[in-house]
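Understanding the architecture of this molecule
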Amino acid sequence: MINFKMTTLAVTLLTMGAASSMALAGSSVIDDNMSRRGPGSASGSGDTVEANCALDPSGNGWQGATATLEVSQKGDASRVEIEVNGAAPDTLFTVWVRIKGKNGLNSAGSPLTGGGATPLAPGSALDALNGISPWVDPAGASASINSFTTDASGRGEFKTTLDFPLVRGAYPFQMTTTSRPGHEGHANVPTAIADPREPGQEGTPFLIRVVSHCTDSASHGLSPATREAWFQYP
């Protein structure tokens, strides 16, 4: 039963990935390095790289790991590419985007989860992501549309095409009827993306963040669940 479920999910992910691989001919709005979080820096779940992830042969908690970010936009679409080098090998990572709170209906941010971030994925993928979220499937999945896995040398690549402008845009929560138990009263409305580079948003912790899942090697859909913070932008 488990193998069949994962096979079905894999087909869904491959289909989404094929759509995401189409080139987006637009202007580049970000082309920069991502910041490296310290190996002892706790994530929102309180977990750290040095406590949970594979041992670094050099003993520095993979502090030498690097990541680059490229974002291009055209109309209501964005193309995002992240390249990671020197991170923990054979490790699952997921990518997240920060959204603004107080949208008039939900003071915390996401109308689906109440969280301050949501998966960096097209709005059209929300239903699939909900299907592997803890309130639907506590086990999660070995991959998701907002995930990538490093190879044996710690190199990984993430690419996605979004159905919304990432910079100065809004996340299209209206593209799903999904709700998390306890959050049914929050309408799925477009929610502005938060960016610490914008005036008045300097206190925002990040625009994009990359985290690992060293404890269970699973993505949990709309929830980051247990994770370790690695990179963020800016």
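Check the entry above for the structure.
Throughout what follows, the structure given in this document is the object of discussion.

About the thresholds
Position numbers for residues start from 1 in each chain and track the written sequence from start to end. Under the rules for a predicted model, residues below a pLDDT of 70 receive no local features and side-chain atom pairs below 80 are neither given nor counted, while totals for whole chains, interfaces and linings still include all residues. Excluding hydrogens and water, the side-chain values take into account all heavy atoms of the structure. Every helix listed is a DSSP run of H or I at least four residues long, and every strand listed is a run of E at least two residues long, numbered separately from the N terminus. Only protein chains enter the calculation, and the probe is 1.4 Å; a residue is then buried if its accessible area is under 20% of its type maximum, exposed if over 50%, and partly exposed in between. Contacts were defined at the residue level, with two residues in contact if any of their heavy atoms lie within 4.5 Å. All accessible areas in this document rest on Shrake-Rupley with a 1.4 Å probe, and a residue is counted as covered only by the protein chains that are shown. Here, a disulfide means two cysteine sulfur atoms that sit within 2.5 Å of each other. Here the aromatic set is Phe, Tyr and Trp, taking the six-membered ring for Trp, and pairing holds for ring centres within 6.5 Å; pairs whose planes are under 30 degrees apart are stacked, those over 60 apart are edge-to-face, and all others are tilted. Paired strands, in this sense, are two strands between which DSSP finds at least two bridges. In this analysis an axis means a line fitted to C-alpha atoms, helices contributing only their contacting stretch, and an angle means the value between N-to-C directions, from 0 to 180 degrees. Here, a salt bridge means any side-chain nitrogen of Lys or Arg that lies within 4 Å of a carboxyl oxygen of Asp or Glu. Buried residues of nine kinds, namely Ala, Val, Leu, Ile, Met, Phe, Trp, Tyr and Cys, make up a nonpolar core once their side-chain atoms join them within 4.5 Å.

Looking only at helices and strands, one finds three helices and 12 strands in the chain. Burial analysis of the chain (234 residues in total) assigns 50% to the buried set. Taking as baseline every contact in the chain between residues at least 6 positions apart, the subset at least 24 positions apart corresponds to 71%. With the model as given, the accessible surface of the chain reaches about 10,200 Å², and the carbon-plus-sulfur share is 53%.

All right, on to the environment of glycine 26 then. Within the element layout of this structure, glycine 26 appears in the loop between α1 (2-20) and β1 (27-33). Assessed through its relative accessible area of 36%, glycine 26 is described here as partly exposed. Separated by 48 residues in sequence, glycine 26 and lysine 74 place their C-alpha atoms 4.6 Å apart. Not counting the four nearest positions on each side in its chain, glycine 26 is found in contact with Ser72, Gln73 and Lys74.

Before going further, it helps to examine the state of the cysteines. If you walk through the whole model with that rule in mind, you get one disulfide. Between the sulfur atoms of cysteine 53 and its disulfide partner cysteine 214 the distance amounts to 2.2 Å. Taking the sign of the torsion about the S-S bond as the criterion, the disulfide between cysteine 53 and cysteine 214, at about 90 degrees, is right-handed. Here cysteine 53, found in the loop between α2 (49-52) and β3 (66-74), pairs with cysteine 214, found in the loop between β11 (208-212) and β12 (228-233); they are 161 residues apart in sequence, far enough to count as distant.

With the rule as written, the count across this model stands at six aromatic pairs. Aromatic side chains phenylalanine 93 and phenylalanine 148 sit 5.2 Å apart centroid to centroid with 5 degrees between the ring planes, which places their arrangement in the stacked category. Note that phenylalanine 93 is positioned in strand β5 (residues 92-98) and phenylalanine 148 in strand β7 (residues 147-149), a separation of 55 residues in sequence. Phenylalanine 93 sits in the buried class, given a relative accessible area of 0%. Three or more aromatic residues joined by ring pairs form one cluster here, namely Phe93, Phe148, Phe158, Trp230 and Phe231.

If you trace the backbone, alanine 117 turns up in strand β6 (residues 117-119). Along the sequence, alanine 117 and phenylalanine 206 sit 89 residues apart, while their C-alpha atoms lie 9.5 Å from each other. Apart from the residues lying within four places of it in its own chain, the contact partners of alanine 117 are Trp96, Val97, Arg98, Ile99 and Phe206.

Ordered by their spatial adjacency, four strands build an open sheet running β1-β3-β4-β8, and the pairing between neighbours is antiparallel. If you trace the sheet from one side to the other, it starts and ends with β1 and β8 (156-162), each paired once. With strand direction ignored, the average angle separating the axes of adjacent strands in the sheet is 10 degrees. As paired strands, strand β4 (residues 77-85) and β8 are joined by seven bridges and run antiparallel to one another. Within β8, the position partnered with glutamate 81 by the bridge is lysine 159.

Tallying each qualifying case throughout the model produces four salt bridges. One salt bridge connects glutamate 81 with arginine 79, and the closest N-O pair in it is separated by 3.9 Å. A relative accessible area of 24% places glutamate 81 in the partly exposed class. By relative accessible area, arginine 79 is classed as buried at 8%. For glutamate 83, the salt bridge goes to arginine 155, with nearest N and O atoms at 4.0 Å. Note that glutamate 83 is positioned in strand β4 and arginine 155 in the loop between β7 and β8, a separation of 72 residues in sequence.

This next bit is on the nonpolar core. Among the nonpolar cores identified, the biggest contains 42 residues, and Met34, Leu69, Ile82, Leu120, Leu166, Ile208 and Trp230 are the most heavily contacted of them. Every element with two or more residues in this core is listed here: β3, β4, β5, α3 (126-130), β8, β11 and β12. Setting aside chain neighbours within four positions, we find leucine 69 in contact with Ile30, Asp31, Asp32, Met34, Val80, Glu81, Ile82, Ile208 and Tyr233.

The analysis is restricted to geometry; functional conclusions fall outside its scope.
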